[in-house]
Amino acid sequence: MDTTMKIKAAYPELMKYITEMPVTIPDTGNPEINAVALMDYHHSLLLLFNNYAAGHIENTAAKSGKINK
């Protein structure tokens, strides 16, 4: 929940992707919710956040002229 709230606060535009993530769409009728499934979901949220944040920082720096591409 903490990671989801950080994403919502820092990059609200990503919230639309959270519900579409393959990890959140079970491929079975009665998916088992356990520690492994929750850790996989948390890991996928962190990847989404970190990858987007890195790109966002790079794009912001490029627009401000701080780095050359």
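Residues numbered from 1 in each chain as written. Predicted model: local features only at pLDDT ≥ 70, side-chain atom pairs only at ≥ 80, totals over all residues. Heavy atoms only, no water.

Novice: Which parts of the structure should I look at to understand the packing of aromatic side chains?
Specialist: To describe a pair of aromatic rings, you give the distance between the ring centres and the angle between the ring planes. Enumeration according to the criterion identifies two aromatic pairs in this entry. Both rings, one in Tyr11 and one in Phe49, keep their centres 5.7 Å apart while their planes meet at 55°; by these two values the pair is tilted. Of the two residues, Tyr11 is situated in the loop between α1 (2–10) and α2 (15–18) and Phe49 in helix α3 (residues 35–64); the sequence distance between them amounts to 38 residues. Using a relative accessible area of 11% as the deciding quantity, one classes Tyr11 as buried. Both rings, one in Tyr11 and one in Tyr52, keep their centres 5.1 Å apart while their planes meet at 75°; by these two values the pair is edge-to-face. Taken together, the positions of Tyr11 in the loop between α1 and α2 and Tyr52 in helix α3 put the pair 41 residues apart, joining distant regions of the chain. By relative accessible area, which is 29% here, Tyr52 ends up partly exposed. Grouping aromatic residues by their ring pairs yields a cluster made of Tyr11, Phe49 and Tyr52. (Phe/Tyr/Trp six-rings, centres within 6.5 Å; stacked < 30°, edge-to-face > 60°. Helix = DSSP H or I, 4+ residues; strand = E, 2+ residues; numbered from the N terminus. Buried < 20%, exposed > 50% of the residue type's maximum accessible area, 1.4 Å probe, protein only.)

Novice: What should I look at first to understand the pattern of salt bridges in this one?
Specialist: Between side chains of opposite charge, a pair can form when the charged atoms approach closely. Within this structure, the stated rule accounts for one salt bridge. Across the pair Lys6 and Asp2 runs a salt bridge, and its minimum N-O distance is 3.4 Å. Residue Lys6 and its partner Asp2 are located together in helix α1, separated by four residues, close to a single helical turn. Residue Asp2 is classed as exposed on the basis of its relative accessible area, which comes to 51%. (Salt bridge = Lys/Arg side-chain N within 4 Å of Asp/Glu carboxyl O.)

Novice: Sorry if this is basic, but what is going on with the nonpolar core here?
Specialist: Considering soluble globular proteins, one finds that nonpolar side chains tend to be buried as a cluster. Grouped together as the largest cluster of nonpolar side chains are six residues: Ile7, Tyr11, Leu14, Ile18, Leu45 and Ala53. Excluding residues within four positions of it along the chain, Tyr11 makes contact with Lys6, Phe49, Tyr52, Ala53 and His56. (Core = buried A, V, L, I, M, F, W, Y, C linked by side-chain atoms within 4.5 Å. Contact = heavy atoms within 4.5 Å.)

Novice: Would you explain α1 in this entry?
Specialist: Along α1, the positions that sit buried rather than exposed are Thr3, Thr4 and Ile7. For α1, the buried positions fall inside an angular range of 100° around the axis, keeping them on one side. Exposed and facing more than 90 degrees away from the buried side of α1 are Asp2 and Ala9. (Arc of directions from axis to C-beta.)

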